[in-house]
Amino acid sequence: MLILTRRVIFWSLIVLFVIHSFLVFTIGTEEDKGETLLTKDALNGKLVYQKYNCTACHQLYGLGGYMGPDLTNVMSKQGIGELYVRAFLQNGTQRMPNFHLSEEEIIFLVAYLKYVDKTGISPVKKFEINLNGTVTQK
Amino acid sequence: MKKEVGLLFVTLGLVALLSGVIFGVIGAFQFVFPEFITTVSFVKIRPLHVSLVVAWIFSCAIGGIYYYMNNCCGTGLWSGKLAKMHFRIFVITGLLILICYFMGKFGGREYWEFPAILSIPIFFSWILFGINYFKSAFNKIGGWPVHMWMWATGIVFFFITFSEAYLWVFPYFRNSLVRDLTVQWKAYGALTGSWNMLVYGTAIFVMTRIKGDEKTAHSKTAFLMYFLGFANLLFGWAHHIYIVPAASWIRTLSYGMSMTELLIFAKMIIEWRSSLEEAKKDFHIIPYKFIVASDVWIFLNLGLALAISVPAVNIYSHGTHVTVAHSMGSTIGINTMILLASAFFLISDITKSDFSAAQKKQISLGFWLFNLFFTVFWCCLIIAGIQKGILTVEDKLSFQEVMTKIQPVLTIFAFCGIGVLAGLTLVVSPLLLSAYRYFKS
Ligand code: HEM
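Residues numbered from 1 in each chain as written. Chains lettered and ligands numbered in written order. Predicted model: local features only at pLDDT ≥ 70, side-chain atom pairs only at ≥ 80, totals over all residues. Heavy atoms only, no water.

### Remarks on the coordination of the iron atom of the ligand
Residues and elements named next belong to chain B. Protein coordination at the iron atom of the ligand: the donors are His49 (NE2) and Met328 (SD), at 2.0 to 2.3 Å from the metal. If you look at the iron atom of the ligand, its six donor atoms make angles of 85 to 179 degrees with each other, and the shape they trace is octahedral. One end of the pair, His49, is in helix α2 (residues 42-71); the other, Met328, is in helix α14 (residues 321-351), and 279 residues separate them in sequence. (Donors = N, O, S within 2.8 Å, 3.2 Å for Na, K, Ca; no water. Tetrahedral: all angles 85-135°; square planar, octahedral: opposite > 155°, others 65-115°. Helix = DSSP H or I, 4+ residues; strand = E, 2+ residues; numbered from the N terminus.)

### What about the interface of chain A and chain B?
If you look at the interface, chain A gives 65 residues, while chain B gives 79 residues. Put simply, chain A and chain B have two salt bridges between them. In this structure, Asp180(B) engages Lys46(A) in a salt bridge whose closest nitrogen and oxygen atoms are separated by 2.6 Å. At 14 residues, the largest contribution of residues to the side of chain A that touches chain B is made by helix α1 (residues 3-25) of chain A. Per-class residue counts for the side of chain A that touches chain B are 34 nonpolar, 21 polar and ten charged. (Contact = heavy atoms within 4.5 Å. Salt bridge = Lys/Arg side-chain N within 4 Å of Asp/Glu carboxyl O. Nonpolar A, V, L, I, M, F, W, Y, C, P; charged D, E, K, R; others polar.)

### Digging into the domain arrangement of chain B
Residues and elements named next belong to chain B. Taken as a whole, chain B is organised into domain 1 (1-142) and domain 2 (143-279). Here the C-alpha centroids of domain 1 and domain 2 sit 20 Å apart. Here domain 1 and domain 2 share an interface that buries about 2,800 Å² over both sides, 79% of which is from carbon and sulfur atoms. Taken as a group, Arg109, Trp112 and Trp126 account for 24% of the area that domain 1 buries against domain 2, more than any other trio of residues on that side. The interface formed by domain 1 and domain 2 holds one salt bridge in total. For Arg109, the salt bridge goes to Asp180, with nearest N and O atoms at 2.8 Å. Inspection of the domain 1/domain 2 interface yields six residue pairs in polar contact (both at pLDDT 80 or more). Where the side of domain 1 that touches domain 2 is concerned, the elements lending two or more residues are α2 and α4 (119-137). Among the elements that line the side of domain 1 that touches domain 2, the one with the most residues is α4, at ten residues. For the side of domain 1 that touches domain 2, the residue count by class is 23 nonpolar, four polar and three charged. (Domains from an automatic or database assignment. Buried area = accessible area lost by both parts, 1.4 Å probe. Polar contact = N/O pair within 3.5 Å; in protein donor to acceptor, adjacent residues only side chain to side chain.)

### Re the packing of helix α1 (residues 5-32) of chain B against helix α16 (residues 399-440) of chain B
All names here are of chain B. Between α1 and α16, the least distance of the axes is 8 Å, while the angle of their chain directions is 160 degrees. Our classification of the angle between α1 and α16 gives roughly antiparallel. Helix-helix and strand crossings are classified by hand; for α1 and α16 the assignment is left-handed. (Axes fitted to C-alpha atoms, helices over the stretch in contact; angles between N-to-C directions. Parallel < 35°, antiparallel > 145°, perpendicular 65-115°, else oblique. Left-handed = near helix turned anticlockwise from the far one by under 90°.)

Written out as structure tokens, the structure reads:
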């Protein structure tokens, strides 16, 4: 392969990368169905979630460690609600450490999880598989 | 004490590997036996494990590149001083990260779980590495072989994607979960692609040396494969976020891109017979043995990666141990095998001496032990993942019930981890001994 050809392919890919990144950062991720719940508390809650490294054991949209359950929709799961979540956060379990969270931190986390819940669904349990291997959520 | 900076990095990497795997084994036992070692919780063990093994990959790859540029590529190293500075920053930052984990101070982002401030020395050290690499590489007369292109790409794109992974510090990215997750995994996908460029480049370099044939590293096929890999690094990352509600074109594009890897898969299948013949000839050469193992693992993990890139499969496998099979399968089976090959090559090249017959036996035993246990380990993760995926979609059992179902497979997985650790220890200890003797002499 000529050195010139290599360079042309390389730089074309770079240009495409820049355009693609820009689109992903903007119109590709514009919609946020949870926007109305994006309060100050919820934003703080995200930082609390990071501070205690909840992601080591929990997933949001299936991303994170696997020891504990996916928390995306924990707030709207049947039989579960704010009180139930609070109980976990206050006491921990045999596997989940008790982080001795302050009342404020718990309020933040609950607000954050409420926001997360509204953004979408995970894990996806109702879907249809199309012939080309893609999936349509129901 | 002599200080060949390449070997310093490799030795540090080997130590990180063994310690990282020990934490991995502890974590696996905590997973299945909650009463196992409760003084240091899984919340600390997981990042200790992941960061140490990632440090192994970087350290050994970087060490190899410094050494090969300095001694083998006809470029020389632009500045030994800068390289040593890089090493010092690497060690100090690494220690600070470990201390933070033990103290429970987290940044809490997947994979880079240390406080964000510690990314600054990493950025800085990477700039030093980049300057040194390019200043050296531009000394090369004639076109670069493909592995130098790959190293260059890996270095530049690590920098770009590591920066991208920190875009969350800006509210524009942080304040929308969909945007945050999408950008985070766009960055991580390409970041792993970048370190793979460093590692695969190393594999090609070592192979050209063993075979004494530079031409393949300039061939058209080599460059086509490189560009295919590069395009996948840039655009093929979305299988991590298929279920995140971002725009659907992001998924479609990535799905299409991933499927181009079928070409590599097909190439491997078509060439398997001649590859096997080739492999038999030189299997006694230690670095070559590891390269052959990595080829087998490339085949298996590419198959798995292709499968989970199909959205219809991904919807079951995502968020389960299939993903862990994908990530550990590639980082252990492919990256670690290649980097061990490189470590063996580099250490024999520096010390100009061979291992004793007893050591060779030990390495061979370790090699087979490792691969045997790792095969079972990998299969267990896939089985556990498939079980969990199906049970989750069926939606009849609670999370705890599902976990109880997969407990037996994960228990086998944890015990296999001990076998993997034992095999690796047998392989790595002669390397560490040689390095120790070299530094002492
Ligand atoms: C060279 C050796 C190894 C490398 C490079 C490696 C790499 C990794 C990586 C990259 C992850 C993150 C996975 C993900 O989030 O998808 C991980 C997680 C993990 N690894 Fe390893 N690993 C190694 C050996 C081991 C061994 C021997 C064990 C012991 C059984 C082990 C146990 C674990 C566990 C329990 C997790 C956490 C999975 C979870 O979040 O549920 N690893 N490893």
